[in-house]
Structures are given as C-alpha cells and as structure tokens.
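# Working through the structure, step by step
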Amino acid sequence: MKLTVRRGGGIAGIVARTELDANVLPPPDAAVFTAEINRARMRELPDPPATSGRPDAQLYEISLEETGLLFSRHYTDDSLPEDVRTLLAWVDGRPERIESIEQ
Amino acid sequence: MLANLQNHCCGIAPPDLLARLAIEGDIHQREAAVRALATSAAIRSQRAVLGHLDRQLNLNIGKMIGFSVTPDRRLTVYDNQKKGRPFLPGVRMRGWGEPPAEDQAVNQAYDGSSATYEFYRDVLQRNSLDGSGMELVSSVHYGVAFDNAFWDGAQMVYGDGSGRIFQIGGLTRAVDVIAHELTHGVTEQTAGLVYSKQSGALNESFSDVFGSLVKQYSLKQTAAEADWLIGAGILVPQLGAALRSMSKPGTAYTGDRQPGHMDDYVDLPDNNDPRNDNGGVHINSGIPNHAFYLAATALGGSAWEKAGKIWYTTLTKHLHPNTQFSEAALATVAVAGELFSSTAQTAVRNAWLEVGVLS
Ligand SMILES: [Zn+2]
C-alpha cells in the first residue's frame with residue numbers, strides 16, 4: 001500500500017511529491033499508517049467542492065495504491081480536512097518517505 | 001440563544017460563538033452577532049478581529065456600527081505560531097509605526113507591506129489595496145514547514161518554508177514576493193481576473209509586474225539595471241536562483257516551464273490537479289511578463305514611470321474577470337496612447353507583437 005502526496009500551485013507553481021510505502025515500514029508503524037489513512041476517510045468522502053480561485057493557494061492530490069489505484073483525492077489549503085492534514089504531518093515525519101520535485 | 005441574539009442581548013455570548021453566527025447564521029443572526037461583536041468592549045479593543053471578519057464576510061462593519069474598523073492603520077503583522085488556518089490571523093506582533101519586533105519574519109513582512117503600500121500611494125496614487133485605506137494584515141509562521149505564501153482574500157499568509165522548495169525563512173525575505181501577493185488583492189478589488197487559464201495567467205502576471213516594480217522602486221533601479229527576477233535567492237539553491245524571470249522566461253530554476261512566446265503556450269486543464277496549476281497560471285504568465293519587460297525596457301528610464309502606469313490603468317479600469325491575453329494587450333496599447341504618446345503606444349504594441357499575442 002503506497003500513499004502519494006502531490007503539493008502544487010502556490011506562489012511558485014512547483015509540484016513536490018512525497019511517497020510512503022507501508023511495505024517499508026516496521027509492522028507496528030505500518031499499522032499506525034493504515035489507521036491514520038482510515039481515520040482520514042478519504043476513500044469514503046468525495047473531493048470537496050472545488051474552491052479554486054484563491055491566488056497562489058496550495059493544491060493537494062493524495063492517492064492511495066494497492067494492486068491498483070484505490071482513490072485519488074484533491075484539496076486546496078482551504079478545503080483540506082483536519083484528519084487529512086494530520087495524516088500528511090505523520091507522513092512528513094517518517095524517515096522512510098521519498099521526496100521529489102516533479103518537473 | 002439564537003432568538004436572543006436577534007433581541008440585541010448578546011452581552012454574555014462568547015466571541016467565538018458570535019463569530020460563528022456572523023459567518024453561518026441567517027441574515028438577522030449575522031447582523032445581531034456582528035453588532036454584539038462590535039459593541040463588546042473586549043472585542044472593540046481588538047479591532048483587527050472585526051477587520052478580519054469584515055474582509056471575510058465582505059461586510060462593512062464599520063458603517064453598520066458607526067465607527068471606523070481600521071482607524072489610520074496601514075498594516076499589522078501577526079504570528080500564526082504554526083497553528084494554521086483556524087488560528088488566523090494569530091497573535092498581534094507589530095502594528096503601524098511601532099518599533100521592530102524581535103522576530104525577523106515579522107519585520108520582513110512589515111517592511112515589505114510598507115514598501116508596497118508606499119509604492120501604490122506615491123507612484124500610482126492608490127490608497128492601499130482597495131483604494132480606501134484598507135489595512136494590510138499579514139500573518140507569518142503559518143502552519144508547519146509550509147512551503148507557500150498566499151493572499152487568502154482577506155490577508156497575507158506566509159509559511160516558514162520547509163527547505164525542500166523554499167529556503168527556511170525565505171518566503172518573507174523578498175519584497176517582490178510580498179508585493180506580488182498584495183497585488184493579488186488589488187486585482188481582486190479591480191479587474192477581478194478569474195484565476196484560471198489565460199485570465200489567471202494575466203492575474204499572475206500583474207502580480208509579478210507590480211512585485212518587480214516595488215523591488216525596482218525600492219532599489220531605485222532603471223528598467224535597464226533591474227534583474228527582472230521574481231523571488232531571487234529564496235528557493236533552495238539546488239532548485240535555482242529565482243521563481244521566475246521576466247526577461248528570460250523559462251530560465252529561473254531547474255524545471256521552469258515558462259514560455260516567452262504564444263507559440264510555446266502550455267494549454268493545461270483547470271481541474272484541481274496540482275500538476276495543472278489552475279490551467280497553467282504560473283506557467284503562461286511568462287508571456288505577458290515578457291511583454292511587460294520588453295515594453296518597459298523599450299520605453300526606458302524607470303519602469304514604474306511609464307510601463308507601470310500603463311499596466312496599472314489597464315488593470316484597474318479596462319479589464320474584466322474573463323479578459324484574455326489579446327484583449328489585455330489591446331487595452332495596454334490604447335492606454336499607452338491615452339496616458340503618453342504614439343511613440344509609447346508603438347513600444348507597447350511591439351512588445352505584444354514580439355511575444356506573439358498581437359499580430
Ligand atoms: Zn500569485
């Protein structure tokens with residue numbers, strides 16, 4: 001199970017990607033990761049209504065893959081649910097994450 | 001409680017409940033809540049709270065309650081303390097005319113807002129973003145390792161940067177970035193350019209144009225002397241030197257996709273995918289950016305004297321939310337003739353011809 005976070009828009013318009021694969025986590029941490037993903041309920045809840053139009057707003061795409069794509073959700077900094085923000089902070093704190101800039 | 005609110009009781013209702021009603025209530029609840037907020041002694045002492053509500057709700061609270069929400073106050077800087085959106089603006093750190101704070105980010109936001117305010121007042125005779133002295137509110141230290149600065153429709157918001165895209169502390173360091181963000185407020189109050197595809201790229205470009213001009217004005221540089229970079233020295237060095245180059249679009253950082261000519265226009269959908277950037281607003285802004293650079297250098301001298309005034313009059317008087325590149329171009333050509341001369345008009349027309357917007 002792999003989570004991919006893309007953050008773009010913003011004043012730069014540069015897209016930063018963060019990936020975290022549950023397979024590379026120690027089993028107890030993988031369980032926490034799964035719990036955080038479930039708590040964010042992204043699979044159940046659809047994209048919030050588009051709130052584009054805010055200049056330089058941060059745009060988010062969060063995707064979860066298992067054997068195939070499970071879901072892909074889109075948010076802005078305005079519409080990012082608090083539980084998803086918590087999940088992102090958790091992912092950003094994992095040393096196993098892979099970060100890159102998309103060109 | 002709701003019924004009571006309509007009977008102007010409210011003295012004991014907590015401010016956060018009132019604020020919620022002011023946003024979510026029906027029209028009567030909103031009015032009652034706003035009046036209660038305004039007359040509460042505790043809140044009255046923090047008029048910035050009212051100012052924020054005023055801007056968020058697009059109400060004129062000052063008019064409703066008979067005093068000025070922002071009396072003779074140009075700008076205030078707050079510390080969000082990394083707490084994010086629910087805590088905007090944050091803790092008040094420095095108001096207009098007050099001595100520097102301990103915090104460098106606070107002082108940088110203060111100085112950048114002040115320079116932008118003075119540029120609009122002294123060069124363009126505009127009294128703040130709305131033309132009526134609106135207070136410039138900034139919050140620094142927004143969120144955790146937040147890699148962005150933005151205009152939220154009510155105020156300026158600056159993250160600390162993560163060291164991944166922006167240098168830590170980089171987002172408040174560049175006056176052109178601060179002026180870029182504040183100019184989004186001017187555009188919102190005037191042309192209202194929709195932040196999508198060509199109108200969005202124009203919106204971006206006007207922010208870069210006046211961002212660069214505020215920097216040039218504060219450095220007293222001529223068009224020939226200016227570096228025409230936006231956000232120089234704030235990206236992590238491995239990414240590049242700046243966010244954008246108006247003189248050489250597409251060369252500011254590794255992966256800079258900005259075109260400088262319509263032949264290279266990048267047609268992207270506006271679909272909330274971060275990779276598509278609201279339909280390429282930060283990408284295709286390279287084209288009008290380059291046109292401005294060409295016009296300003298052809299007109300010579302200080303870019304704010306002629307080119308800046310032409311672009312400003314165009315933005316504030318001749319555009320509408322769905323203006324596309326060619327319409328904006330024609331408007332600048334017409335304004336150049338009205339404000340200056342046929343020579344100026346030719347210089348502006350040639351600039352748009354060179355980037356392929358006019359033919
Ligand atoms: Zn912008």
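Fair warning: this is a prediction, and the values are worked out from it, not measured in the lab.

Moving on, we come to the environment of Glu82 of chain A. Residue and element names in this part refer to chain A. Mapped onto the elements of the fold, Glu82 is located in helix H2 (residues 82-92). The class of Glu82 is partly exposed, set by a relative accessible area of 47%. Sequence-wise, Glu82 and Asn23 are 59 residues apart; in three dimensions their C-alpha atoms are separated by 26 Å.

The next thing to look at is the UniProt feature "domain: Peptidase M4 C-terminal" (unreviewed entry) in chain B. In the numbering adopted here, UniProt assigns the feature "domain: Peptidase M4 C-terminal" (unreviewed entry) to residues 191-357 of chain B. Secondary structure content for residues 191-357 of chain B is 50% helix and 2% strand, and the end C-alpha separation is 20 Å.

Let us look at the pairing of strand E5 (residues 156-159) of chain B. Residues and elements named next belong to chain B. Of the two faces of E5, the one lined by Met156 and Tyr158 and the one lined by Val157 and Gly159 are each fully buried. Direction of pairing for strand E3 (residues 136-142) relative to E5: parallel, over a ladder of 3 bridges. If you follow Tyr142 over to E5, its bridge partner there is Gly159. In the sheet, strand E4 (residues 149-151) pairs with E5 via 3 bridges, with the strands oriented antiparallel. Residue Phe150 lies in a different strand from E5, and its bridge partner there is Val157. If you look at the hairpin formed by E4 and E5, you'll find 4 residues sitting between the two strands, and Gly153 has a positive phi there, around 95°.

Listed per partner, the contact involves 35 residues of chain B and 32 residues of chain A. Interface area, chain B with chain A, both sides summed: about 2,800 Å², of which 55% is carbon and sulfur. Of all residues in chain B, Arg164, Asn272 and Pro274 of chain B bury the most surface against chain A, accounting for 27% of the area lost on that side. At the boundary of chain B and chain A, one finds 4 salt bridges. Close ionic contact of Arg85 of chain B with Asp77 of chain A constitutes a salt bridge, the shortest N to O distance being 3.6 Å. Counting the contacts that link chain B with chain A gives 15 residue pairs in polar contact (both at pLDDT 80 or more). In terms of residues, the side of chain B that touches chain A owes the most to one element, helix H8 (residues 175-189) of chain B, which gives 4 residues. For the side of chain B that touches chain A, the class distribution of residues is 15 nonpolar, 9 polar and 11 charged.

Once that is clear, we can look at the sheet that holds strand E1 (residues 2-9) of chain A. Residues and elements named next belong to chain A. Reading across the sheet, the 5 strands line up as E4-E3-E1-E2-E5 and stay open at both edges, with antiparallel pairing between neighbours. Either end of the sheet is taken by a strand with one partner, and the two such strands are strand E4 (69-76) and strand E5 (98-102). The mean inter-strand angle of the sheet, taken between neighbouring strand axes irrespective of direction, is 15°. Pairing of E1 with strand E2 (residues 15-21), which is carried by 6 bridges, proceeds in the antiparallel orientation. Bridge pairing in E2 links Val5 to Thr18. Relative to E1, H2 is tilted by about 105°, and along the sheet it contacts E1, E2, strand E3 (58-65) and E4.

Residue and element names in this part refer to chain B. For chain B, the mean per-residue pLDDT works out to 87, and 80% of the residues sit at or above 70. Low pLDDT (under 50) marks residues 39-48, which in the prediction has 13 contacts with non-local residues, meaning those over four places away or in another chain. Scored as a complex, the prediction yields pTM 0.85 and ipTM 0.93.

Parameters and conventions
- Residues numbered from 1 in each chain as written.
- Chains lettered and ligands numbered in written order.
- Predicted model: local features only at pLDDT ≥ 70, side-chain atom pairs only at ≥ 80, totals over all residues.
- Heavy atoms only, no water.
- Helix = DSSP H or I, 4+ residues; strand = E, 2+ residues; numbered from the N terminus.
- Buried < 20%, exposed > 50% of the residue type's maximum accessible area, 1.4 Å probe, protein only.
- UniProt positions renumbered as here; feature names shortened; annotations may be inferred.
- Pairing = 2+ DSSP bridges.
- Contact = heavy atoms within 4.5 Å.
- Buried area = accessible area lost by both parts, 1.4 Å probe.
- Salt bridge = Lys/Arg side-chain N within 4 Å of Asp/Glu carboxyl O.
- Polar contact = N/O pair within 3.5 Å; in protein donor to acceptor, adjacent residues only side chain to side chain.
- Nonpolar A, V, L, I, M, F, W, Y, C, P; charged D, E, K, R; others polar.
- Axes fitted to C-alpha atoms, helices over the stretch in contact; angles between N-to-C directions.
- pLDDT = per-residue confidence, 0-100.

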